[in-house]
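Below, each chain spelled out in residue letters.
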Amino acid sequence: MLHIDNVYKTYGSRTAVDGVTLQLTPGVVGLVGHNGAGKSTLLHLLATLTRPTRGQLLLDGQDIVARPDVMRQRLGYLPQDFGVYPHLTALEFLSYFAALKGVRNAARLHELLALVNLQDQAHQPAIAFSGGMRQRLGIAQALLNDPDVLIVDEPTAGLDPEERLRFRRLLGDLGQRRLVLLSTHIASDIENLASRIAVMRQGRLLAFESPQSFIEAAQGRVWRVQLSSAAAGRLPATVQMLQAQPVGDGLLLRLAHDTRPCMDAEPVQPTLEEALALLQAQAGADRVAEAA
């Protein structure tokens, strides 16, 4: 178990992580939030790349702030800006990182290339790889030490839909017997993958629930209606527009409101993305109310 206990991280007057408490167990956990929500900072703390200003980080009861090697020996990490050495082949690249991590089993390198479906490209230079292939090579290096905790930060950013789907399947398989902590701003990356989702905003933890729990909380608050552009412009400011699709001379809208926003609006099943948008909007409104 990975226990995050009332953790803060400040940089001067700015608080990047603001009193986060979480208990994480094996499986895929999604970490979501807007840019600047504190996701990457929290991942850096867990990866022992930086130290918390206050609070505890425990792996199976052991303090990884005081003893970072406890985490590093059991950690696989794929940062958001993962780079490859372009003139090394995939096998040479893994060999280099294996030497850094003290992994001396040559068969392990070929096993990992097969796991991420790069065995046929083992002797090709990484400069010829697509973005998805580079991300899969990044996962292979993160798995060299067979980690108990795998942290991946925005792994599908910039990937095409086919590569994104392939990468999600791979992460789902990896989460069968280890903790995979996946940071993303793309709800579809975690909708059918994560067992739990942690939502952050301005450094704070807003909620930690299953995807279905977020969707259920949004039931009865998402509506669909077709309106002219003029009528859409006259909707009250309290109505949140989630989606607007041009249809003929008008717009097919998906709207969020606690009650029916206009006469012809009909309730629809919320998506996870819409449910998370509602949560973020409510949190923003609450912060404004607190400050008033």
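Heads up: the structure comes first, above all this text.
About the cut-offs
Residues numbered from 1 in each chain as written. Predicted model: local features only at pLDDT ≥ 70, side-chain atom pairs only at ≥ 80, totals over all residues. Heavy atoms only, no water. Buried < 20%, exposed > 50% of the residue type's maximum accessible area, 1.4 Å probe, protein only. Helix = DSSP H or I, 4+ residues; strand = E, 2+ residues; numbered from the N terminus. Pairing = 2+ DSSP bridges. Axes fitted to C-alpha atoms, helices over the stretch in contact; angles between N-to-C directions. Patch = residues over 30% accessible without salt bridge, like charges linked within 9 Å, V, L, I, M, F, W, Y side chains within 5 Å. Areas by Shrake-Rupley, 256 points an atom, 1.4 Å probe, with all protein chains shown as cover. Salt bridge = Lys/Arg side-chain N within 4 Å of Asp/Glu carboxyl O. Parallel < 35°, antiparallel > 145°, perpendicular 65-115°, else oblique. Left-handed = near helix turned anticlockwise from the far one by under 90°. Contact = heavy atoms within 4.5 Å. Nonpolar A, V, L, I, M, F, W, Y, C, P; charged D, E, K, R; others polar. Polar contact = N/O pair within 3.5 Å; in protein donor to acceptor, adjacent residues only side chain to side chain.

Chemist: Would you mind going over helix α1 (residues 39-46) with me for this structure?
Modeler: In an α-helix there are 3.6 residues to a turn, and that puts residues three or four apart on one side. Counted residue by residue, α1 has six buried out of eight residues, so it is predominantly covered. Burial in α1 covers these residues: Lys-39, Thr-41, Leu-42, Leu-43, Leu-45 and Leu-46. At the C-terminal side of α1, Thr-48 shows a positive phi close to 60°.

Chemist: Got a minute to help me understand the sheet that holds strand β9 (residues 196-201) in this structure?
Modeler: Strands in a sheet are paired, the pairing made by backbone hydrogen bonds, and the direction either parallel or antiparallel. Spatial ordering of the open sheet is given by β6-β7-β8-β3-β9-β10, a layout of six strands whose pairing is mixed. Looking along the sheet, the strands with just one partner apiece sit at the ends: β6 (75-78) and β10 (204-209). Mean inter-strand twist for the sheet, computed between neighbouring axes without regard to direction, equals 15°. Pairing of β9 with β10 involves five bridges; the strand directions are antiparallel. Looking across to β10, one finds that Arg-201 is bridged to Arg-204.

Chemist: Hey, could you run me through unusual backbone geometry in this one?
Modeler: Phi is mostly negative for residues that are not glycine, and the peptide bonds are mostly trans. Phi is positive for Asn-6, which is not a glycine, with a value near 50°. Summarising the element assignment, Asn-6 is placed in strand β1 (residues 2-11). The class of Asn-6 is partly exposed, set by a relative accessible area of 36%. Positive phi, normally seen in glycine, also occurs at Gln-202, with a value near 50°. On the basis of relative accessibility, which here comes to 43%, the residue Gln-202 falls in the partly exposed class.

Chemist: Would you explain a nonpolar patch on the surface in this entry?
Modeler: Among the surface-exposed residues, Tyr-85, Tyr-96 and Leu-100 lie close enough to one another that they form a single nonpolar patch of about 320 Å² accessible area. Of note, Tyr-85 is situated in the loop between β6 and α3 (90-101). Residue Tyr-85 is classed as partly exposed on the basis of its relative accessible area of 42%.

Chemist: Would you explain the packing of α3 against helix α4 (residues 106-115) in this entry?
Modeler: How two helices pack is summed up by the angle between their axes together with the distance between the axes. One can describe the packing of α3 onto α4 by two numbers: an axis separation of 10 Å at closest approach and a directional angle of 125°. Judged on the interaxial angle alone, α4 and α3 are oblique. For the pair α3 and α4, the sense of crossing is right-handed. Residues Ala-90, Leu-91, Leu-94, Ser-95 and Ala-98 of α3 touch α4, and the partners they reach there are Leu-109, His-110, Leu-112 and Leu-113. For the contact of α3 with α4, the residue count by class is seven nonpolar, two polar and no charged.

Chemist: I'm lost on the environment of Arg-224 in this one. Help?
Modeler: Counting through the fold element by element, Arg-224 comes out in strand β11 (residues 222-228). Separated by 107 residues in sequence, Arg-224 and Asn-117 have C-alpha atoms that sit 42 Å apart. Among the polar contacts listed, one links the side chain of Arg-224 to the side chain of Glu-266, at a separation of 2.7 Å.

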